[in-house]
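What follows is the residue order along each chain.
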Amino acid sequence: MDIHEFNPSRRRFLSGMLAVGAASALAPNPLISKVWAAGENPAQWIQSGSHFGAFEAKVVNGEWTETRPFKHDKYPCDMLNAVREVVYNPSRVRYPMVRLDWLRKREKSDRSQRGDNRFVRVSWDQALDLFYEELERVQKTYGSSGVFTGLADWQMVGKYHKAGGAMDRGLGLHGSYVTTVGDYSAAAAQVILPHVIGSLEVYEQQTSLPLVIQNSNTIVLWGCDPIKNLQIEFLVPDHDAFGYWQQIKEAVAQGKMRVISVDPVRSKSQNYLGCEQLALRPQTDVALMLALAHTLYEEKLYDTAFINDYTVGFEQFLPYLLGESDKQPKNAEWAAQICGLTAEQIRDFARLLVKGRTQFMGGWCVQRMHHGEQYPWMLVVLASMVGQIGLPGGGVGFGWHYNGGGTVTSTGPVLSGLGGIANPPPAKYKADFRGASEHIPTSRIVDCLLEPGKKVAFNGETLTWPDIKMAIYSAANPFHAQQDRNRMIKAWKKLETVVVLDHQWTASCRFADIVLPVTTRFERNDIEQFGTHSNKGLMALHQIVKPQYEARHDFDVFAGLCKRFDKEAVYRENRDEMQWIQALYDEGVKMGASLGVSLPDFTTFWQGEGYIEYPAGQPWVRHGEFRDQPDLNPLGTPSGLIEIYSKTIAGFAYEDCPGHPVWMEPFERNHAAKKNKYPLHLQSCHPDKRLHSQLCSSEAFRNTYAVAGREPLYISAQDATARGLKAGDIARVFNDRGQVLAGVVISPDFTPGVIRIHEGAWYSPQEGGKAGTLCTYGDPNVLSADIGTSQLAQGPSAHTVLVEVERYQQKKAPPVTAFGGPETVKEEGGSAA
């Protein structure tokens, strides 16, 4: 497979862009009119950027007509085909809207009507008055624990226009509120790895890929799919990592390197690299790792010097590994029965790990399972026994598939973003959480809403769930991220008021009471890094079109809120958009000078090319300083060493997360020893054609991968045949938690017993607001269970889910309800549309 099969060449990319642009321009589009144009200007190409890459937009008389990739991106991503539709699509939030019954009765409204999609258009003044009055009421009545901010902040690139920064500045001037810790992506790993190896790891830079290419004999992709996931970044991606992966592909083809994908399915990366696969059963990774460790120990292949010099707790772990503590050695024969591999496959794999240099690359899907903390912990233990942590091309990392992991970091300033107010005045209301916790784990919001006051263990703390009455979401879509959609609908009825700021009518907007339209990243001026981990350069993000309809910048929305309690001037700090951007840039100029990097003045940068490439950096080895001098460069663990056994975690006395890694059965799993009512394991990993739920509303682009107008369901030929399914059919996927429709794709990449629906598919209830109703588009979180990984991390267990699949029996499938705007009604109840 050529690299351009997953990242199209410039010619194919441009022809695709032109085709999409022309089709969109010719189609009837209610969002395009001269009223909303950027200005009557001749055609021009304007530079901007996104999570999918940098690009230039052609604007003709104020309308964005075509898109082409940034000239400094050698491997542009085809998701750039969808970015124009973010501005122009039927799901665009056009005006401030308020849910009909909430407008009539406020906090006493019928909350069972949330999700029925009936909204009243109001003015901005009225919307902000309602927002402020409700904030006042809740703060005054319930204190800080009554207000919750559910921030994701994946929606925007740009240092100034950060939704989280704007919200924190504005709400912080009014009072305190409940916040979240962790995220849905890597919650279990984020909590366990600081105890084990001293840092979050998942968001850290990795060993430079040139060093991996030069030194690694074997790369182990453990549930890791970089070719799929490196298309997007938290900042503007430069996509340089794909050049290195092309070299790895060549090394594999020439026999210079082995790459082994440990995964139940053939990943995009495996198909691209042409590499090997160890196809274990889903959710059995820890059992396999234990057997590998057992083999290394029994055959005396492990690095005793590294274990002695760089780790603690191996002697506490050994009795469990050898079966002395529970009468069950964790040997290859034991693991083979669990994993579906042969004992000899397991032993051969263990022996390979110590033949030359081995680089473990861990993904995140495996830790989004019940007991997900055990996987990253055990992978670190396994890498410690191999003994190559801190060596070029060896060791372990958990960020190779994220933010350009492994690209060489350039020498240049990293600009700060919109931050807090300098010397802020006291908030209108003092912090008053009334005995409840100030924060909750992100994925436990439904538990919190359903059981306020309950005491819950979390990473050594005892949390008391606050009694939340008002939730405010900005740059977030909880009705995509949270598990068990039907349980979530029940919990949402506990909220008296929900406010959502967004530019797309997501399900989160439909389950809100006040919806405020904000601008897309393409209707703003800003500045951003080109390359997240690489920090390759700095680029200007120019506004492509003027704000559509009545959309406002997040910053201006919260300025308007602050105006209602006389804090607008404090909030704005006497700066407009361009003054803020210049201030952030000038800070970078000073930082660059300290690094010996000279940046031009702001006017030259902004009005010129709008791009600065920093001097190249030097290759780097993760944990290299620790290996060289562990006493002078200790890890952030209590011992300063890798903790195979953690006294801290053991001291928490959690039954579901003891002091060393162990194998524990998840609450549901498909395997040969047990016949399940629902026999298929459902994967819901990150999509190939979206960033979570972003771009799902881009209709023309969505139609390039949707099947029968639904989210694809990937299934093996054997499982499809057994159920009478053929490619293109609409299938019903179901379990006791819910049911969805999806379009069948029969794929040789999937082994029997494993299927996939990508997360981020928009929730599309057949009956809006009703728990248990059929999702007509294919949201996999209708099917997933809302159970914490363990008491340690309380992360999501989205990948522990079993389902059954059948052909949809009705003659005519119900329409997809996910997309488009709400039903606009008059306040007295009559339709206004």
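Residue indices follow the written sequence of each chain, beginning from 1 at its first position. At least 70 in pLDDT is required for a residue's local features to be given in this predicted model, at least 80 for side-chain atom pairs to be given and counted, and no such filter applies to totals for whole chains, interfaces and linings, which use all residues. Hydrogens and water molecules were not included; the side-chain quantities draw on all heavy atoms of the structure.

Caption draft 1: Seen up close, the overall build of the protein. Each helix and strand counted, the protein has 28 helices and 30 strands in total. Put simply, the radius of gyration uses C-alpha atoms, and a globule should come to 2.2 Å times the residue count raised to 0.38. Whereas a compact globule of 833 residues would reach a radius of gyration of roughly 28 Å, the protein reaches 26 Å, a difference of no more than 12%. If you line up the protein on its principal axes, its C-alpha atoms span 75 × 60 × 55 Å. Categorising residues by exposure relies on relative accessible area from a 1.4 Å probe, with only protein chains included: less than 20% of the type maximum marks a residue as buried, more than 50% marks it as exposed, and the intermediate range marks it as partly exposed. Across the 833 residues in the protein, those meeting the buried criterion constitute 65%. Look at the contacts in the protein between residues 6 or more apart in sequence, and 77% of them connect residues 24 or more apart. Accessible surface, the protein: about 28800 Å² in total, of which carbon and sulfur atoms supply 49%. One way to put it: in the protein the 85 positive side-chain charges average out to a point 5 Å from where the 92 negative ones average out. Secondary structure follows DSSP: runs of H or I at least 4 residues long count as helices, runs of E at least 2 residues long count as strands, and numbering of each begins at the N terminus. By the convention used here, residues are in contact when the closest approach between their heavy atoms is within 4.5 Å. Here the Shrake-Rupley method, with its probe set to 1.4 Å, supplies the accessible areas, and only the displayed protein chains count as covering residues. Working convention for charge: Lys and Arg count positive, Asp and Glu count negative, and His plus the chain ends are omitted. Note that the charge is assigned to NZ on lysines, CZ on arginines, CG on aspartates and CD on glutamates.

Caption draft 2: Inspection of the sheet that holds strand β20 (residues 526-530) at higher detail. Two strands pair if DSSP finds at least two bridges between them. Strand order across the open sheet formed by three strands is β20-β21-β22, with antiparallel pairing between neighbours. Two strands close off the open sheet at either side, each with one partner strand: β20 and β22 (611-613). Sheet twist, expressed as the average angle between the axes of neighbouring strands with direction ignored, equals 20°. The axes are straight lines fitted to the C-alpha atoms, using for helices just the contacting stretch, and the angles between their N-to-C directions are given from 0 to 180°.

Caption draft 3: Focus on the side chain of H553. Along the chain, H553 turns up in the loop between β21 (537-541) and α21 (554-563). Residue H553 is classed as buried on the basis of its relative accessible area of 12%. Apart from residues lying up to four places away in sequence, H553 is in contact with H161, T519, E523, R524, P547 and E577.

Caption draft 4: Layout of helix α19 (residues 485-492). Within α19, six of the eight residues are buried, which leaves it mostly tucked inside the rest of the structure. Here α19 has its buried residues at R485, N486, M488, I489, A491 and W492.

Caption draft 5: Structural detail: the UniProt feature "domain: Molybdopterin oxidoreductase N-terminal" (unreviewed entry) in the protein. If you check UniProt for "domain: Molybdopterin oxidoreductase N-terminal" (unreviewed entry), the listed places come out as residues 48-88 in our numbering. Secondary structure across residues 48-88 comprises 12% helix and 44% strand; the distance between its end C-alpha atoms is 17 Å. UniProt positions are given in the numbering used here, feature names are shortened, and annotations may be inferred rather than shown by experiment.

Caption draft 6: Structural context of the packing of helix α4 (residues 124-142) against α21. Between α4 and α21, the least distance of the axes is 9 Å, while the angle of their chain directions is 65°. Where α4 crosses over α21, the handedness of that crossing is right-handed. Facing α4, whose interface residues are W124, L128, F131, Y132 and L135, α21 presents V557, F558, G560 and L561. Under the grouping applied here, Gly and all other residues not named as nonpolar or charged are polar, the nonpolar ones being Ala, Val, Leu, Ile, Met, Phe, Trp, Tyr, Cys and Pro and the charged ones Asp, Glu, Lys and Arg. Classifying every residue of the contact of α4 with α21 gives eight nonpolar, one polar and no charged. Throughout, a crossing is termed right-handed when the near helix is turned clockwise from the far one, and left-handed when it is turned anticlockwise from it by less than a right angle.

Caption draft 7: Quick peek at the nonpolar core. For the purposes of this section, nonpolar cores are sets of buried Ala, Val, Leu, Ile, Met, Phe, Trp, Tyr and Cys residues that join through side-chain atoms within 4.5 Å. Counting residues in hydrophobic clusters, the biggest one holds 163 residues, and the most contacted among them are W64, W222, L288 and F349. Among the nonpolar cores identified, the runner-up in size contains 54 residues, and L103, V597, F602 and W606 belong to it.

Caption draft 8: Spatial organisation of the pairing of strand β5 (residues 118-121). Across three bridges, strand β4 (residues 97-99) lies against β5 in antiparallel orientation. From the neighbouring strand, V98 faces β5, where its bridge partner is V120. Across two bridges, the pairing between β5 and strand β30 (residues 823-824) is parallel. Pairing of F119 across the sheet is with T824, part of β30.

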